[in-house]
Amino acid sequence: MKNSYPLYSHEYFMAKALDLAQQAMEEGEVPVGAIVVTDNNQIIGKGYNQTERLNDVTAHAEMLAITAAANHLDAKYLRDCRLYITLEPCVMCAGAIAWSQVDQIIFGAADQKRGYQRFSDQIIHHQKEVISGVLASESEVLLKEFFGKLRT
């Protein structure tokens, strides 16, 4: 995917996460990507779904990105950071996001079946800024393509 969005915009970083989602799909994983970005717009953590590859149900994109960012910072909290995810986090990931203390959560497509907001929008602290719908249609296209291939 060619990233032609304005430098350091939400769309710019979400396009980077979509590149990771594409990589996941190419490896036979559910196409979800995530990145952690500092306040000075440095990408410090990346992840894409690897549950099949690692044989680990917790190997979701955002869990791997959070771990990578924490390792980069040598800290358990990701204050002054933003997390971009191509799909609304599940309850497990929302809990990890809350514990990581990122300042802002930006996601693309809503997950009507397993997204955290379906179960409780209180998992992520109400003072954290959550922005949804950023490049949602691009994320939805990947997901529909992936699941369409599984059904044929």
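Residues numbered from 1 in each chain as written. Predicted model: local features only at pLDDT ≥ 70, side-chain atom pairs only at ≥ 80, totals over all residues. Heavy atoms only, no water.

### Quick look at the overall build of the chain
Secondary structure summary: the chain contains 6 helices and 5 strands in total. Each helix and strand of the chain, placed in order from N terminus to C terminus, yields the pattern α-β-β-α-α-β-α-β-α-β-α. Taking 15 Å as the expected radius of gyration for a compact globule of 152 residues, we find that the chain reaches 14 Å, a close match to that expectation. Along the three orthogonal principal directions, the C-alpha set of the chain runs to about 45 × 35 × 25 Å. Counting the 152 residues in the chain, one finds 45% classified as buried. Contacts in the chain between residues at least 24 apart in sequence constitute 58% of all its contacts with a sequence separation of at least 6. In the structure as shown, the chain presents an accessible area of about 8200 Å², 49% of it carried by carbon and sulfur atoms. In the chain, 14 positive and 19 negative side-chain charges are present, and the distance between their average locations comes to 2 Å. (Helix = DSSP H or I, 4+ residues; strand = E, 2+ residues; numbered from the N terminus. Rg over C-alpha atoms; globule rule 2.2 N^0.38 Å. Buried < 20%, exposed > 50% of the residue type's maximum accessible area, 1.4 Å probe, protein only. Contact = heavy atoms within 4.5 Å. Areas by Shrake-Rupley, 256 points an atom, 1.4 Å probe, with all protein chains shown as cover. Lys, Arg positive; Asp, Glu negative; His and termini not counted. Charge placed at Lys NZ, Arg CZ, Asp CG, Glu CD.)

### Quick notes on the UniProt feature "active site" (unreviewed entry) in the chain
UniProt feature "active site" (unreviewed entry): in the numbering of this structure it lies at E62. Checked against the element boundaries, E62 lands in helix α3 (residues 61-73). By relative accessible area, E62 is classed as buried at 3%. If we ignore the near neighbours within four places in the chain, the residues touching E62 are V32, A34, L83, I85, L87, P89, C90, C93 and I97. (UniProt positions renumbered as here; feature names shortened; annotations may be inferred.)

### Comments concerning the pairing of strand β4 (residues 104-109)
By the criterion of burial, β4 is predominantly enclosed, with 6 of the 6 residues buried. Bridge count for strand β3 (residues 81-87) against β4 is 5 bridges, and the pairing is parallel. From the neighbouring strand, L87 faces β4, where its bridge partner is A109. After leaving β3, the chain enters helix α4 (residues 91-100) and then returns to the sheet as β4, a path that is right-handed. In this sheet, strand β5 (residues 129-132) lies alongside β4 in parallel orientation, the contact comprising 4 bridges. Each residue of the ladder has a partner; that of F107, found in β5, is S132. (Pairing = 2+ DSSP bridges. Right-handed = clockwise from strand over helix to strand, strands pointing away.)

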